[in-house]
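Report on the structure
Letter by letter, the chains look like this.
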Amino acid sequence: MVLLHVLFEHAAGYALFAVKEVEEIGMLLPQVEESVLSIGKFNSMVSLAAFFPFKSAQAALENINAISEGVVHADLKLFLETNLPLSGKKKASLGVSDAKIGAALQEELNVSIQTGGVVAEITRGIRLHFHSLVKGLTSQAASKAQLGLGHSYSRAKVKFNVNRADNMIIQSIALLDQLDKDINTFSMRVREWYGYHFPELIKIVSENSMYCRLAQLIGNRKELTEEKLESLEEVVMDSAKAQAILEASRSSMGMDISPIDLINIERFSNRVVSLAAYRQGLQEYLRSKMSQVAPNLAALIGEVVGARLISHAGSLTNLAKYPASTVQILGAEKALFRALKTRGNTPKYGLIFHSTFIGRAAAKNKGRISRYLANKCTIASRIDCFSELPTSVFGDKLREQVEERLSFYETGEVPRKNVDVMKEAVKEATDVASEIKRKLEKKEKKRLKRERKLKKLEANGEANGDAEGDDDEGAEETPAKKKKKRKSEAEVEQPEADETEQADPPKKKKKRKSDADGVEVKVEEPEDNGTEQADPPKKKKKLKIEKVDEEPAIETPEMPVSGKKKKKKDAAE
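Report follows, based on the coordinates.

Cut-offs used in this document
Residues numbered from 1 in each chain as written. Predicted model: local features only at pLDDT ≥ 70, side-chain atom pairs only at ≥ 80, totals over all residues. Heavy atoms only, no water. Helix = DSSP H or I, 4+ residues; strand = E, 2+ residues; numbered from the N terminus. Buried < 20%, exposed > 50% of the residue type's maximum accessible area, 1.4 Å probe, protein only. Contact = heavy atoms within 4.5 Å. Areas by Shrake-Rupley, 256 points an atom, 1.4 Å probe, with all protein chains shown as cover. Salt bridge = Lys/Arg side-chain N within 4 Å of Asp/Glu carboxyl O. Patch = residues over 30% accessible without salt bridge, like charges linked within 9 Å, V, L, I, M, F, W, Y side chains within 5 Å. Lys, Arg positive; Asp, Glu negative; His and termini not counted. Charge placed at Lys NZ, Arg CZ, Asp CG, Glu CD. Axes fitted to C-alpha atoms, helices over the stretch in contact; angles between N-to-C directions. Parallel < 35°, antiparallel > 145°, perpendicular 65-115°, else oblique. Nonpolar A, V, L, I, M, F, W, Y, C, P; charged D, E, K, R; others polar. Left-handed = near helix turned anticlockwise from the far one by under 90°.

**Observations regarding the overall build of the chain**
Check the secondary structure of the chain and you find 28 helices and 5 strands. Per-residue burial over the chain gives 34% buried out of 573 residues. Within the chain, residue pairs in contact and separated by at least 24 positions form 67% of the contacts whose partners lie at least 6 positions apart. Per element, the accessible surface of the chain, about 36400 Å² overall, is 54% carbon and sulfur.

Put into structure tokens, the structure is as follows:
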């Protein structure tokens, strides 16, 4: 008797259910399908054998990534080896919802795997009643676990998307095609609008962006003179055309136009010119992206056609998976299905028709060269998709092969063998790869050296900061000592300061009076002391004066003398 066990992968963990009784014939009846919905009836059919909860959200993400890729994770393998009865009289059969993981489990554990039919119905019931079948798990906790794992899984998929570089190419080529259509439409509008005023210009200038620039430059045709001839030549890049425009403006049959209409035409033509300039910048961006993502395909068939192939396939990986026959008619699906429906001739080429090779080939050789070119495009896309270092060596060699095949169809000259060409390409590619690696290593060394220097500078800065801190502590001590010295000097020089103030009464009259009264002298002493300490040479002179005028300074307090009398007295002396 074979026991059926069903594996169920949940966000909370792995669960193994033992199926007690099941009827395969009656399982698909509506009454039996309804019995799955009731938990009471479903419990009689299925019982929980084992449950392995995930330790963390990171572990859950790792396991779900492994299951999505069809790889057996170590946790899953250990869980099944422990709980699934692999040996004994009763052989176990494992039911799995996904056939991909089922095949991987069959290889790893050597058990019989069952998918679809009964297993699908039982899995549906388990998914519905999972929180009731596992003890300690509520519906709220189960939904939270599913939501958290869903977010982290989606974030990881977006972050590590292998097609993320292709997405930029797909968007830029779509925008480029849209811009071409818009610029065409807007230019036709400018032609019609400005054509009422200067209809002859349409026949002389056929290019859209050039016409818009000329409409912006000329403005009113009646104001066009010989002075503007140089600027016309700069736009048209042809002196004959510029002269023809000048002559046509003099004898034009267009209607007169008002200044406000002319302003609006100039504004609109300015917008069209700016759009054309943006388109050129976008094409440069596309060229640079193609040289990074698919250099070989770009070298073989061109940046724009290569980008269109990638965009139509969905990604570079999808394009690499396609066979050469699919690449050949990629973009001509409507014609293919119409031909199959009407039993007509199938198309020979699709998007690759825009390459220069098919245009250069003769009518009878167009189908042959398109088939050969599609073959080389497939090889180039696979090299670009799966190579580690992007180089255009193989693309250049494949282009040479297509050129040789074209000349063979025209002249009969035998081309080189594919083996010889590929040997040369491999040799060149290894040289280029080694050169790129050497440059990368050199850059890495420079970066590491720069980092070491920065670390050293930071360490030195910290050491200097500590030293400065010590100096500051010493500096804090010294000013305290200096203050004490200054105080002691101030006390010694107090009487000297008083005498000098009395010796110079004209300069400081108020101070002399205050000296006479015996008030406020001490308040102004620290300032005098400070000045005396700051200017030691002046101090000596003051001392000399004090010695000379010592006797009159002592007698002054007895009789207060006015300033004028004192001056006369000093003059007499």
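Let's pick the thread back up.
**Side note on the pattern of salt bridges**
As enumerated under the stated definition, the model contains 18 salt bridges in all. In this structure, the salt-bridge partner of Glu 424 is Arg 416, at a minimum N-O distance of 3.4 Å. Residue classification places Glu 424 among the partly exposed positions, given a relative accessible area of 34%. The class for Arg 416 is partly exposed, based on a relative accessible area of 33%. As a salt-bridge pair, Arg 447 and Glu 444 come within 2.3 Å of each other at their nearest N and O atoms. Note that Arg 447 and Glu 444 are positioned in helix 22 (residues 418–492) at a spacing of 3 residues, about one turn of the helix. A residue is classified by how much of its surface remains accessible, and Arg 447, at 35% relative accessible area, is partly exposed.

**Digging into a negative patch on the surface**
Together, Glu 230, Glu 233, Glu 234 and Asp 238 give the surface a local cluster of negative charge. Within the secondary structure, Glu 234 is located in helix 11 (residues 229–236). The class for Glu 234 is exposed, based on a relative accessible area of 62%.

**Brief notes about the environment of Ala 141**
You can see Ala 141 is positioned in helix 7 (residues 139–159). Relative accessible area serves as the criterion here: at 34%, Ala 141 is assigned to the partly exposed category. With 129 residues separating them in the primary sequence, Ala 141 and Ala 12 have C-alpha atoms 8.7 Å apart.

**Description of the packing of helix 13 (residues 259–293) against helix 15 (residues 303–313)**
How two helices sit against one another is set out by the angle between their axes and by the gap between those axes. Running from amino to carboxyl end, helix 13 crosses helix 15 at an angle of 70°, the nearest separation of the two axes being 10 Å. By the criterion of interaxial angle, the relationship of helix 13 to helix 15 is roughly perpendicular. Taking contact as the criterion, the partners of Gln 283, Leu 286, Arg 287 and Met 290 in helix 13 are, on helix 15, Glu 303, Val 304, Gly 306, Ala 307 and Ile 310. Residues that form the contact of helix 13 with helix 15 fall into these classes: 5 nonpolar, 2 polar and 2 charged.

**Looking at helix 15**
Along helix 15, the residues classified as buried are Val 305, Gly 306, Ala 307, Leu 309, Ile 310 and Ala 313. Following helix 15 by one or two positions, Gly 314 adopts a phi angle in the positive range, close to 105°.

**Observations concerning the packing of helix 10 (residues 208–218) against helix 11**
Put simply, helix 10 and helix 11 touch, their axes get as near as 10 Å, and they point 165° apart. Classed by the angle they form, the pair helix 10 and helix 11 counts as roughly antiparallel. Of the two elements, helix 10 crosses helix 11, and the hand of that crossing is right-handed. Here Met 210, Arg 213, Leu 214, Leu 217 and Ile 218 of helix 10 come into contact with helix 11, specifically with Ser 231, Leu 232, Val 235 and Val 236.

**Thoughts on the side chain of Ser 269**
For Ser 269, the location among the structural elements is in helix 13. The class for Ser 269 is buried, based on a relative accessible area of 0%.

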